[in-house]
Every structure is written in C-alpha cells, then in structure tokens.
2 protein chains.
Amino acid sequence: MFWALMVEYDGTGLVGWQRQDNGLSVQEVMETAAARLNDGQIPDIVTAGRTDAGVHAAGQVVRIDMPSHYTPRQIRDGLNYHMKPHKISVLQAVPAPEGWNPRFSAIHRVYRYIILNRAARPTIDRGQVWHVAKPLNEIAMQEAARCLIGQHDFSSFRASSCQAKSPIRTIDKLNVTRNGDRITLDVEGRSFLHHMVRNFAGSLKLVGEGRWPTSQIATILAARNRAAAGPTAEPQGLTLMRVDYPLNLFT
Amino acid sequence: MFWALMVEYDGTGLVGWQRQDNGLSVQEVMETAAARLNDGQIPDIVTAGRTDAGVHAAGQVVRIDMPSHYTPRQIRDGLNYHMKPHKISVLQAVPAPEGWNPRFSAIHRVYRYIILNRAARPTIDRGQVWHVAKPLNEIAMQEAARCLIGQHDFSSFRASSCQAKSPIRTIDKLNVTRNGDRITLDVEGRSFLHHMVRNFAGSLKLVGEGRWPTSQIATILAARNRAAAGPTAEPQGLTLMRVDYPLNLFT
C-alpha cells in the first residue's frame, strides 16, 4: 500500500536526498528505518524533489510502499523512532490517493533561500543561511528578479548536470525581502531545474553587491548560457518549504 | 578603555555564560580571544545577564576592557577571528559611555521562549526549541499568563540558586502566540530572577496541556513558593533577544 509522507530534515552533514556511496543520504536513513517496519525489506521510496547535499526541507513529500495494516500514526511514529538520532522527521503520513506520484503529480513547489548579510559569522542559524559579509541592496535584488517571473528558457540558471528534457520553466513568484540582517528569497513555481534557485541567489547577490546592474539578470536570462550567470549560491541557505498537489493531502 | 559589545551565540554544548570547570563557557571563549588582542592578558569582562547552559543569545550585551588604539571594527572582527570556530559572534562594538555597566544600567530585557508543539521530533530547529508532543492550547496559556504581568513577588518562579536580594520583579509583557506548530512566549521586563522565564514556560505548558486550569498560575504566584509551580522548562528553547539602556548604544 502506498503512503504519502510529509518530511522535514536538516540537510547538514547529509549528501542530499539521494543514496550515494560517499555519505549518508535522507533516502538511506528513511529506507533503513522503513525496513524495520517492513520485515527487513527496503520498500520502494519516491520523492517530490531530490534535494542536494546540505539543502534542507520543511515540507518534502515522499511516497513509500508499506504494509496496509499500519495506521497513519504508526507509520509516522514508527519511522521517526527508527530514524533517531538523525535530524529527519516524518511530520504526517496519509494513505496515498490512487495513481498519485509525489514528483509528477506536484503542481506547485515553494522554496526559500536565506542570506545572512552582516560582517559577523552566523551562530544560531549556522548551516541554515548563506553568509554574505558585504552589504547587499535587497531593493535592487528585487527589481532585478522581476524579469525571472513567468515562463522562460532558464538555460542560464541550470546546472550542467541537470537531466530535465526542457529548460523551459514558469516562475510564479520571486520575492526578495529583508528583515534586519536576513535577506529572504521566496521562490515558487510548478517545477525547477537543477540548482535553479541557488543560481538565482548567486546572481542576485552580485546585483545586491552593486557589481552588476539590475538589468544584468535579464541579459543573463536572454543569453541561455550557464556561463553568463553568477556562481551557484551555497546549499545550506536553501529549504524546500512545501509541495502542493491538486488535492490537499496533508492537514 | 571600556567597550560595549552586542554578542550573539548558540548555547548548544556550552556551559552557559559564566566560566566553569566542567566545560566551555561563552566567557572563556571570549576571554581567550580577547587576550590575543591584549598582549596575552585576559581583560575584565562583564555581562548584562548570565545565561544558563544551552540558552542562546541574539543580543547579549558585554562590557570589555580593551586597548583604546583599536577601532570598533577591529574589536569586532578581531574577536570574531579568534573565536573561530565557536558559535559566538560579536555583532557590534562601540566605545562604552562613562560609568556604564551592562548589568546595572540595563532598563529592559527581552526574552523569547519557543516550544515546538507536535508529535515529530525537531530537525532544523533542534537545540533551539523545547519539544512538547502533547497538543497545547495556547489561548489558555495566554489567558493564564495575564496574571504574571505587572509587579509581583515571583518567589514561586525563582530558582533555589537565585542570588537576587528581592523576589519582586515587574513583567511588562508576556505574549503567547502560535504559528503553526511553534508556540512563542515573548517576555519583557527590566530584570529577571534566575530561571524565571523557563519557570513561566514550564508552568504554562501544564496549563496548555489542560492538566491545570488557567487560574492555577495566579494561585502559584500567590503561594510565593517554588514548590507550587511546575518544573523548569528545558534551556534550549530560551533566547536572550535584546537588552536596552537609557541611551541607544548600538545602531
């Protein structure tokens, strides 16, 4: 029986969602825990989005094939028990609708990227922010970001490793706001290319520093060439906040 | 020459502000770093409030005696350089006003206590919240908290180790608010007794669980007896947010 899980994790020290040989992944921790509830067999697990090493999730969505005799609460609490002491928690478990796929059924994804913009290194939020010491002009960043909203060919903001067939994506929202020394980029769209949000952040930071004019982002977008854009922003500032489906799966 | 510093730290793994034999303190890290800028001599350091082990600070205030030939920026960056890799950062350094004392000149202190109220263990904010799995009624907690506002004898909410001469304190604000599964207690006053905010949180949690009626907090307050109150809430949910003085020291 297929279950839909909402999962939160701190990506610090993990190699990302996907199983890899060079370190511990969210997938491996979840699969190992799930096997304990599944007669020792690792069940099939599919995710809404494969987050990179160091990237966090507040509302990752996962589909897992587990016995039907469990209650939603037993699935949630059982997985959480066996995932100790890792910083990965199942927040909710619900029976998955017929034919539902966490990745392909998703209609909306919400990401947040946080820059800590001050001279002093982060303490309380270390590992959760990109530390940029040079003062950034978030008004210029917001103005520059406007051209990214809508449907475009995002080849310039796409990792070379990206496996998507098309570079065309639609950005529904890209808000840059400052609260004290924290600058937050809220980015929403149906789906994203690999490194897309981090590449937005990396280029917008150069605008914020004044090294690029606000018009540069539109120039980069039009170039359809990864080499035209700025470097990829550090992973730990990024959090996958939420994934939406046509039906509300979770309460 | 006396300098005023605004300091941020993550209290995780530290024994608190004050030097102790059983582990590393904020004071020891700061003093060791300061000695590097002071011919190897540990300078005199005084703080606005001695936070406990595991308690955080977003705006701790410290007075430090350092050579006058430094610029404010050199003090800040020099201390931060030598405090690596600890999660302690000087956010600002300014020359201290004549006769100013960080503890006795303070006229207002702002604390925040965060409860993560859900079944699943914390991940991203582990070490920054008190995890309470049982659902809490924050409306009842706010109602119960109202009697704590104003000037009272807070003996019931005072640690036995508290060294203050008088148990009389004035609470200017105590707001309980919920945002999703986070319940935040914002507490403000001129000064606080030892464990006072954590003792508020510990008793209000029992009201939130429904184990105590909202009227119980007033009963406890009137008892003037620590044994009447609930247990002390865990330290890691607490952050010293800000300390105010008659003059604005920091920008």
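Residues numbered from 1 in each chain as written. Chains lettered and ligands numbered in written order. Predicted model: local features only at pLDDT ≥ 70, side-chain atom pairs only at ≥ 80, totals over all residues. Heavy atoms only, no water.

**Re the interface of chain A and chain B**
Contact residues are listed per partner, giving 26 residues for chain A and 26 residues for chain B. Considering only the surface of chain A that becomes buried against chain B, R121, T123 and I124 of chain A emerge as the three largest contributors, covering 34% of it. The interface formed by chain A and chain B holds two salt bridges in total. In this structure, the salt-bridge partner of E8 of chain A is R118 of chain B, at a minimum N-O distance of 2.8 Å. In this structure, the connection of chain A to chain B is made through 12 residue pairs in polar contact (both at pLDDT 80 or more). Secondary structure elements with two or more residues in the side of chain A that touches chain B: β1 (2-9), β3 (56-65), α2 (72-83) and β4 (88-95) of chain A. The element best represented in the side of chain A that touches chain B is β4 of chain A, accounting for four residues. (Contact = heavy atoms within 4.5 Å. Buried area = accessible area lost by both parts, 1.4 Å probe. Salt bridge = Lys/Arg side-chain N within 4 Å of Asp/Glu carboxyl O. Polar contact = N/O pair within 3.5 Å; in protein donor to acceptor, adjacent residues only side chain to side chain. Helix = DSSP H or I, 4+ residues; strand = E, 2+ residues; numbered from the N terminus.)

**Some thoughts on the relation of the copies chain A and chain B**
For the match of chain A to chain B, the screw axis carries a shift of 0.0 Å, the RMSD comes to 0.0 Å, and the turn is 180°. Overall, the copies show the geometry of a two-fold rotation axis. Judged by C-alpha distance, D125 of chain A is the residue of chain A that lies nearest the rotation axis, at 4.5 Å. (Least-squares fit on C-alpha atoms with pLDDT ≥ 70 in both.)

**Some details on helix α3 (residues 138-145) of chain A**
All names here are of chain A. Most of α3 sits out of view: six of its eight residues are buried. Of the positions making up α3, those classed as buried are E138, A140, M141, Q142, A144 and A145. Here the buried face of α3 lies against β5 (108-117), β8 (168-179), β9 (182-189), α4 (196-208) and α5 (216-223). Where α3 begins, the side chain of N137 points an oxygen toward the backbone nitrogen of I139, at a separation of 2.9 Å. (Buried < 20%, exposed > 50% of the residue type's maximum accessible area, 1.4 Å probe, protein only.)

**Section: the state of the cysteines**
Under the counting rule described, the total for this entry stands at zero disulfides over all chains. No disulfide involves C147 of chain A; its sulfur sits 19 Å from the nearest other cysteine sulfur, which is in C162 of chain A. (Disulfide = S-S within 2.5 Å.)

**Overview of the packing of helix α1 (residues 26-36) of chain B against helix α2 (residues 72-83) of chain B**
Residue and element names in this part refer to chain B. In the contact formed by α1 and α2, the axes pass within 8 Å of each other and the chain directions differ by 115°. Like other packed secondary-structure pairs, α1 and α2 cross with a definite hand, here right-handed. In contact with V29, M30, A33, A34 and R36 of α1, α2 contributes L79, H82 and M83. Split into classes, the residues belonging to the contact of α1 with α2 amount to six nonpolar, one polar and one charged. (Axes fitted to C-alpha atoms, helices over the stretch in contact; angles between N-to-C directions. Left-handed = near helix turned anticlockwise from the far one by under 90°. Nonpolar A, V, L, I, M, F, W, Y, C, P; charged D, E, K, R; others polar.)

**Describing the confidence of the model for chain A**
On average, residues of chain A score 97 in pLDDT, and 100% of them reach the 70 mark or higher. In the model output, the complex is listed with pTM 0.95 alongside ipTM 0.92. (pLDDT = per-residue confidence, 0-100.)

**Looking at the packing of aromatic side chains**
All names here are of chain A. A full pass over the atoms with the stated rule returns 10 aromatic pairs over all chains. Between Y113 and W130 the ring centres are 6.2 Å apart and the planes differ by 85°, which places this aromatic pair in the edge-to-face class. Highlighted residues: Y113 in strand β5 and W130 in strand β6 (residues 130-132), separated in sequence by 17 residues. For the residue pair Y113 and W130, the accessibility class agrees, reading buried in each case. One aromatic cluster in this structure is built from F154, F157 and F200. Seen from the ring of F2, R63 lies directly overhead, with NZ or CZ sitting 3.9 Å from the centre. (Phe/Tyr/Trp six-rings, centres within 6.5 Å; stacked < 30°, edge-to-face > 60°. Lys NZ or Arg CZ within 6 Å of the ring centre and 35° of its normal.)

**So, the pattern of salt bridges**
Summed over all chains, the structure comprises 34 salt bridges over all chains. Of the charged contacts in the structure, one is a salt bridge between E28 of chain A and R19 of chain A, with a shortest N-O distance of 3.9 Å. Its relative accessible area of 23% is what places E28 of chain A among the partly exposed residues. For E31 of chain A, the salt bridge goes to R19 of chain A, with nearest N and O atoms at 2.6 Å. With E31 of chain A in helix α1 (residues 26-36) and R19 of chain A in the loop between β1 and α1, the pair connects residues that are 12 residues apart, well separated along the chain. For E31 of chain A, a relative accessible area of 7% gives the class buried. R19 of chain A gets classed as partly exposed once you look at its relative accessible area, which sits at 36%. Residues joined in a network through salt bridges with shared partners are E8 of chain A together with R118 and D181 of chain B.

**Some thoughts on the side chain of N117 of chain B**
Looking at where N117 of chain B falls in the secondary structure, it is placed in strand β5 (residues 108-117). Once you skip the residues sitting within four places of it in the chain, N117 of chain B turns out to touch V132, A133, K134, P135, L136, R178, D181 and I183 of chain B.

**Quick notes on the side chain of T123 of chain B**
Of note, T123 of chain B is situated in the loop between β5 and β6 (130-132). Look at T123 of chain B and you get buried, because its relative accessible area is 0%. Look past the residues within four positions of T123 of chain B in its chain and what remains in contact with it is E8, Y9, D10, K87, I88 and S89 of chain A together with R118 of chain B.

**Some thoughts on the environment of L185 of chain B**
All names here are of chain B. Tracing the backbone through its elements, the reader meets L185 in strand β9 (residues 182-189). Separated by 16 residues in sequence, L185 and R169 place their C-alpha atoms 18 Å apart. Among all residues touching L185, those that are not within four sequence positions of it are Y111, R112, Y113, I115, M141, N175, V176, A201 and L204.

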